[in-house]
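Structural overview
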Protein chains: 2
Amino acid sequence: MILKNFLITQVMFEIIKSDLRGRIAILRTNHGIIETPAYVPVIHPKNQIIPTKKIQEIGFNLVITNAYITKKTYGYDAIKKGIHKIIKFNGAVMTDSGGYQVLKYGDINESHDDMAKFETDLKADITIPLDKPTGYGLTSNVAKSFVEHTLKISKKVLKNNDSQIWVGPIQGSEHLDLIKYSVKSLLKYGFKMLALGSPVELMESYKYKLLANIIVEAKNYIPHSIPLHLFGAGHPLTIPFAVALGCDTFDSASYILYAKNGRYITEDRTRDLSDMQYFACNCCVCNNLTPKELIELDKNDKINKLALHNLFAIKSEVDRVKEAIHEGRLWEYVLKKARAHPKLFEMIDVLTNNYNYFSATTPLFKKKSIFLFTYEDQYRPEVISYHKIVRKFKTKKKIVVIIPDNGIKPMYLSSDYNYLNKKFSKTKSIQFCRYNQFLGIIPIEISDIYPSSHYDMANIEYNPQSLPVFEETWKKFFENNKFSTLYTKHGDKFITYFTNKLSTEITKKTLRK
Amino acid sequence: MILKNFLITQVMFEIIKSDLRGRIAILRTNHGIIETPAYVPVIHPKNQIIPTKKIQEIGFNLVITNAYITKKTYGYDAIKKGIHKIIKFNGAVMTDSGGYQVLKYGDINESHDDMAKFETDLKADITIPLDKPTGYGLTSNVAKSFVEHTLKISKKVLKNNDSQIWVGPIQGSEHLDLIKYSVKSLLKYGFKMLALGSPVELMESYKYKLLANIIVEAKNYIPHSIPLHLFGAGHPLTIPFAVALGCDTFDSASYILYAKNGRYITEDRTRDLSDMQYFACNCCVCNNLTPKELIELDKNDKINKLALHNLFAIKSEVDRVKEAIHEGRLWEYVLKKARAHPKLFEMIDVLTNNYNYFSATTPLFKKKSIFLFTYEDQYRPEVISYHKIVRKFKTKKKIVVIIPDNGIKPMYLSSDYNYLNKKFSKTKSIQFCRYNQFLGIIPIEISDIYPSSHYDMANIEYNPQSLPVFEETWKKFFENNKFSTLYTKHGDKFITYFTNKLSTEITKKTLRK
């Protein structure tokens, strides 16, 4: 049943839970709701290999197909049937208009107005105007003309078209000022969903870090209530980062394109079937065949089964990411995933350089403790949030005691604190603190605020020179509070590095136990 | 069909492929062959929940059951049936003798000779004598008495028992001298398979690094031809490290124990079902149920389905590890896996501190390029092997040119080399080299030896102070070769750090392009 005009009564896009910039949300369309983040499989309007019914069974409730190819294949007869009947899918359908074909094969011979009308008449749930992708490597001026062209077309399609979700295509690629200009213009026109264009060329040349910076730039101007689609990003390698950066849906024909090339999708890459010995997957294809047996099938059967596995593999990756958001471990998940390829590893910089961007949508309290491994983790949003609290901490006490974390949390429950408390019982007004390499100084009064007592950490030696976040908090803590005496643990090399940086006005003493 | 006395004609344990200390191998038993590394599910001789037939269908060809509980339950009647009929399994069966029960419930009231005879008569394929586990935390003297006890029992069982594979139990735990003593004694007695005892307490208290060091110590004295079993290590978290360190089989009841506690096994941990929202698994259980639906099943049905999923999850993990060995990426796999938990992260030290141990069984040439991410990777066996070659490199040339790697490999195909070659065409006898932060100095003559032209690397700034392997090779290179002049690229900060360390006898010049 099609719910017409539901937009009047229900929010189109509703966020349920978020972590970093990733969010689990509900996207409502004329053909049902889609839970995002969602992979949107590309369906061929004529030569679709995996039946759409099977695709829906696997759990994909939104698919994308190409209006341009539909028009070339069926002409205006397509309108009589409607896109859902053509591709035999009763879930939500998105139509692309041929922008990618423009990029790949040069200008296509279609009037933009005709194409927009055709897409409207196909009754797709989500529709994309015929944009002009900037790809990668255009000069600023040429890219600008492409952006202006896309904006002109986009502005027109919105008129008299509120029964579908029209998607505003963001172009500009590496020209970040054009990204900003695209986003601001599209929002002004009234688009309720946006899509970032042209990432395929960046991904094919492993420019993941640049793509990440483009997404951050776009998202900086997009309100939380607007979903963002990422074109052509259907690789398990990039899905977790795309979600963590704030993309809600992403389409790709990867499942079938790789299958046609004999490539098998794993968590981290695609593999040539002939290189493989074991399937570490429990899907219905992999449970019944070895790589050798799969290779020996008839060509069509092989492509079909491989494509089916690829869909299952992508579905799993999306579910792992969703569960990571649900569990509050998306940071851990993407930092682990970064080790899938050295070029993906470069994206970590985008996470550590934009902690304010990620803090804004990361919960301040989580059910589970956070895991702290190495230097990147000092930029984790929960960690930075705690530093911000401590950087405002003020006390009038004159003596400060800073001891290492002994693992018993919070500090006021630990035996070393009790020992010191007794030892100093005759001295009044002591500011007790412990420290942790990542979380910085932890004053006892706020030693139970998340995550100062909610973390697991590796017992390894960390280099104080590689912990600038600690250093900044240390500096602020001693600027904001006028201590006359500082006690630290005797022989504590890590903390000595920082005490040596203090001005000489403070008396430094060490504690022996 | 049971192949009797096959041991005479075929090798019991045959290694097919290895990477780090992990190996894919064939273990031949009276009930068929087992490909290792293999997870060995624990089967209860009476109250087994998942039918052994199903377990075999999933792909487990070796199971373990408890001879002590079998004797308590069925008495000497068990001998008439034989263990295979009792547990209804026609694959290979291993029997444990109750050592773990000794550890958990104190001494059990069994004569060791009786127990050994009973195990022999049960006709299990692989049998473990009744050992006395040292657990964790015993004084050296007490641990030694346990080891002596275990050795005494073990020595006896081998007599007249060559139709089965008897496994020699290594005890000693954190007392590394006792580990060595155990291994040497058991090998002297003639055991063809060994098992490392008592890791459960170490794993339960997250002492993974200590466990890793114990495995390395044991393996140091075990020939490659002897398979090593690890007791009670059936967690996806520890399986990759156990394999990389050299364990071939590992048993556990984890699949059912976790299921009884409502816990679901994922790649990296176990989760409480009630905390979960999404199943990112494509097994027959997860494909048909949501976490919420699974929770609401009847208790027995729930445990059954959860245990089944847990078995599939463990199978997948083992297959991922096997495929990583096959692909030559076990190093990458375990370093990524280390990010599953901070305590697992501590095990990286064991990999970087024992590179000779791992080099011995890591192929010198691989089909695929290696991925280089960060400082640990300087200790990767393939990298260390290349450094060893360069540290022996000798030339009589007097001028050396060392330029950064421009990504075109090997060096002699790159444009910057061609440019320099022309530039210096009038100067004779120039030693051209490039450098790479991880692989060190790469002289042009050996710039195509694996992996000097077979790597992908992140484009990030590495700190020269954290690259001692580079520094050592640099030092040796300039000691072994008496250069009068060194050219480096103008403005290359990384290499300047090292040129500044050179003696003043050499003339330092920079190249401008």
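Presented here is a report on the structure given in the accompanying data block.

So, how was this worked out
Residues numbered from 1 in each chain as written. Chains lettered and ligands numbered in written order. Predicted model: local features only at pLDDT ≥ 70, side-chain atom pairs only at ≥ 80, totals over all residues. Heavy atoms only, no water. Core = buried A, V, L, I, M, F, W, Y, C linked by side-chain atoms within 4.5 Å. Buried < 20%, exposed > 50% of the residue type's maximum accessible area, 1.4 Å probe, protein only. Helix = DSSP H or I, 4+ residues; strand = E, 2+ residues; numbered from the N terminus. Disulfide = S-S within 2.5 Å. Contact = heavy atoms within 4.5 Å. Buried area = accessible area lost by both parts, 1.4 Å probe. Salt bridge = Lys/Arg side-chain N within 4 Å of Asp/Glu carboxyl O. Polar contact = N/O pair within 3.5 Å; in protein donor to acceptor, adjacent residues only side chain to side chain. Nonpolar A, V, L, I, M, F, W, Y, C, P; charged D, E, K, R; others polar. Least-squares fit on C-alpha atoms with pLDDT ≥ 70 in both. Expected span 1.5 Å × (residues − 1). Pairing = 2+ DSSP bridges. Axes fitted to C-alpha atoms, helices over the stretch in contact; angles between N-to-C directions.

Ranked by size, the top nonpolar core spans 139 residues in total, and within it A:Ile402, A:Trp474, A:Phe478, B:Ile170, B:Leu196 and B:Tyr255 carry the most contacts. Looking at this core element by element, the count peaks at 12 residues for helix α14 (residues 299–327) of chain B. Membership of the second largest hydrophobic core comes to 136 residues, among which are A:Ile58, A:Tyr68, A:Met115 and B:Val390.

Okay, the state of the cysteines next. All names here are of chain B. Under the definition given, this model contains 0 disulfides over all chains. The thiol sulfur of cysteine 283 is not disulfide-bonded, and the nearest other cysteine sulfur, from cysteine 286, lies at 3.7 Å. We note that cysteine 284 lacks a disulfide partner, and the nearest cysteine sulfur, in cysteine 283, lies 5.2 Å from it. In this structure cysteine 284 comes out as partly exposed when scored by relative accessible area, which is 37%.

Turning our eyes to something else, we now look at the side chain of B:Ser414. Residues and elements named next belong to chain B. Within the secondary structure layout, serine 414 lies in the loop between β15 (399–404) and α20 (415–423). Classification of serine 414 by relative accessible area gives buried; the value is 0%. When residues no more than four places from it in sequence are discounted, the contact partners of serine 414 are Asn406, Ile408 and Arg434.

What follows concerns the interface of chain B and chain A. Counting residues at the interface gives 50 residues for chain B, matched by 50 residues for chain A. With both chains or domains summed, chain B and chain A bury close to 4,600 Å², and 52% of this area falls on carbon and sulfur atoms. Its largest share of buried area at the contact with chain A, chain B owes to B:Tyr278, B:Lys336 and B:Arg339, together 20% of the area lost on that side. For the pair chain B and chain A, the interface holds 16 salt bridges. The shortest N-O distance in the salt bridge between B:Lys367 and A:Asp275 comes to 2.7 Å. Across the chain B-chain A interface, the total number found is 30 residue pairs in polar contact (both at pLDDT 80 or more). When residues of the side of chain B that touches chain A are traced back to their parent elements, those giving at least two are α14, α15 (330–337), α16 (342–345), β14 (370–372) and β18 (455–457) of chain B. Looking at the side of chain B that touches chain A residue by residue, the classes come out as 20 nonpolar, 8 polar and 22 charged.

As a further point, take the environment of A:Lys305. All names here are of chain A. One can find lysine 305 in helix α14 (residues 299–327). The spatial distance from the C-alpha of lysine 305 to the C-alpha of alanine 259 is 8.3 Å, given a sequence separation of 46 residues. If near-sequence neighbours (up to four positions away) are discounted, lysine 305 is found in contact with Val285, Leu289, Leu294 and Leu297.

Taken as a whole, this structure holds 66 salt bridges over all chains when the rule is applied. Among the salt bridges present, the one from B:Glu317 reaches B:Arg320, with a minimum N-O distance of 2.8 Å. Taken together, the residues B:Glu317 and B:Arg320, both in helix α14 and 3 residues apart, mark about one turn of the helix. Across the pair B:Lys501 and B:Glu471 runs a salt bridge whose closest N-O atoms are separated by 2.7 Å. Of the two residues, B:Lys501 sits in the loop between α22 (493–499) and β20 (507–511) while B:Glu471 sits in helix α21 (residues 468–480), which places them 30 residues apart along the sequence. With relative accessibility at 46%, the residue B:Lys501 sits in the partly exposed group. What makes B:Glu471 partly exposed here is its relative accessible area of 24%. Among the ionic contacts, a cluster of salt bridges with common partners joins A:Asp19, A:Glu323, A:Glu327, A:Arg329, A:Glu332, A:Lys366, A:Arg380, A:Glu382, B:Arg269 and B:Arg271.

Mapping chain B onto chain A leaves a residual RMSD of 0.0 Å; the transformation is a rotation of 180 degrees accompanied by 0.0 Å of translation along its axis. The transformation just described matches what one would write down for a two-fold rotation axis. Comparing interface residues between copies, 100% of those in chain B also sit at the interface in chain A, which points to an isologous, same-surface contact.

The subject of this paragraph is helix α8 (residues 176–189) of chain A. Residues and elements named next belong to chain A. Its 14 residues give α8 an end-to-end C-alpha distance of 20 Å, which sits within 8% of 20 Å, the value for a rise of 1.5 Å per residue. Of the residues making up α8, those classed as buried are Leu178, Ile179, Ser182, Val183, Ser185 and Leu186. Where α8 is buried, its residues contact α7 (140–157), β8 (165–170), β9 (193–196) and α10 (208–219). Glycine 190 lies just past α8 and shows a positive phi near 110 degrees.

Here we take up the sheet that holds β20(B). All names here are of chain B. Taken together, 5 strands build an open sheet; the order of strands is β17-β16-β15-β19-β20 and the sheet is mixed. The open sheet has two edge strands, β17 (440–443) and β20, and neither has a second partner. Averaged over all adjacent pairs, the angle separating strand axes in this sheet is 30 degrees, with direction ignored. Across 4 bridges, the pairing between β15 and strand β19 (residues 485–489) is parallel. Looking at the pairing, valine 400 lines up with leucine 486 of β19.

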